[in-house]
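Listed below are the residues making up each chain.
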Amino acid sequence: MSANLAEGLRAGIQALGLDLSAEQQQRLLDYMALIQKWTKVYNLTAVRDPAEMLTHHLLDSLTAIAPLTRHTLGQPIRVLDVGSGGGLPGVVLAICMPELNVTCVDTVAKKAAFVQQVAVSLKLSNLRGLHARVETLIDPYQVICSRAFASLPDFVTWSRSALAEGGVWMAMKGKHPQDEIEALPEDVKVFHVEPLTVPGLDVERCMVWMRPVVSAA
C-alpha cells in the first residue's frame with residue numbers, strides 16, 4: 001500500500017507542476033503516517049483511509065505551494081496557519097518551502113502538540129505548533145493562511161492583530177465564497193481569487209487572497 005501512496009504522491013506532485021526532492025516527498029509520506037498513527041488516539045481527522053488521506057489532505061494542501069511561491073518569491077517570511085488542526089496546510093508548507101518559518105496555531109492543545117511532534121520527528125526546524133487563540137497573537141506574520149477554517153470575515157477579524165505591515169491573508173476555500181467576500185469588513189479587500197485543482201479529486205477549490213486597505217494619508 002505504501003508503494004501505491006508514494007506513486008500517487010509522485011503523480012500528484014507532477015500534476016501540480018511542483019519540483020520536490022525525494023527527501024521532501026518522503027517527509028510528506030512520513031507526515032501522513034504520523035497523522036494515521038496519532039488519529040487512532042487523538043482523532044486528528046475524520047478521514048482514515050490512506051488513499052483518501054492522500055487526496056483530501058496532502059494533495060489538497062499541496063495546491064497552496066505554487067500560489068504561495070509566486071507570492072513570496074523565495075523570501076524567508078513568517079507564515080501563520082490558523083486553525084491548523086493536524087497541521088494542514090502548515091506542515092506541508094514547512095516541508096515543501098524550507099525558507100518559510102511556519103507556526104501552526106490551534107485552540108486544541110493535543111493538535112498543537114501533534115504539530116510539535118511532527119517538527120521533532122521530521123526534523124523540521126522551521127515548524128512549530130502553538131496552543132493559543134489566534135486573537136491573542138501579536139507577533140507579526142507576513143502571510144496568515146487557513147484551510148476550511150472559518151468564514152472569511154471571522155478569519156480576518158480574529159487574526160488581524162498578527163498580520164504584519166504589508167502582510168496578506170491566504171484562505172483556502174471550497175466553492176467561490178461570494179457571500180463571505182461581500183461580508184468582509186470595509187477595510188479588507190480581496191485582491192485575487194484563484195481556482196485550485198486537486199489531482200484525483202473532482203471538487204471545487206479556490207484560494208482567496210486578501211489584504212487590509214491602506215488609507216490615504
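Further up the page is the structure itself.
In what follows, the accompanying structure is described. (Residues numbered from 1 in each chain as written. Predicted model: local features only at pLDDT ≥ 70, side-chain atom pairs only at ≥ 80, totals over all residues. Heavy atoms only, no water.)

On to the pairing of strand β3 (residues 127-131), then. The side chains of a regular strand alternate between the sheet's two faces. For strand β2 (residues 101-106) and β3, the ladder comprises five bridges, and the chain directions are parallel. Across the sheet, residue Val102 finds its bridge partner in β3, namely Leu127. The parallel pair β2 and β3 is bridged by helix α6 (residues 109-121), and the resulting crossover is right-handed. (Pairing = 2+ DSSP bridges. Helix = DSSP H or I, 4+ residues; strand = E, 2+ residues; numbered from the N terminus. Right-handed = clockwise from strand over helix to strand, strands pointing away.)

Note on placement: Gln25 falls in helix α2 (residues 22-42). Ignoring any residue separated from it by four or fewer positions in sequence, one finds Gln25 in contact with Leu9, Arg10, Ile13 and Leu20. (Contact = heavy atoms within 4.5 Å.)

In this section: the side chain of Lys173. Along the polypeptide, Lys173 turns up in strand β5 (residues 163-173). In this structure Lys173 comes out as buried when scored by relative accessible area, which is 14%. In this structure the side chain of Lys173 is engaged in a polar contact, spanning 3.0 Å, whose partner is the backbone oxygen of Ala150. Separated by 2.9 Å, the side chains of Lys173 and Glu180 make a polar contact. (Buried < 20%, exposed > 50% of the residue type's maximum accessible area, 1.4 Å probe, protein only. Polar contact = N/O pair within 3.5 Å; in protein donor to acceptor, adjacent residues only side chain to side chain.)

As a rule of thumb, soluble globular proteins bury nonpolar side chains together. Residues Tyr31, Leu62 and Leu127 are the most contacted members of the largest nonpolar core, which totals 51 residues. Among the elements that take part in this core, α2 stands out by supplying seven residues, more than any other. Discounting residues that sit within four places of it in the chain, Tyr31 has contacts with Leu58, Gly86, Gly87, Leu88, Val91, Val92, Ile95, Phe114, Val118 and Leu122. Judged by nonpolar contacts, the second largest core, of 22 residues, contains Leu137, Leu152, Ile181 and Leu184. (Core = buried A, V, L, I, M, F, W, Y, C linked by side-chain atoms within 4.5 Å.)

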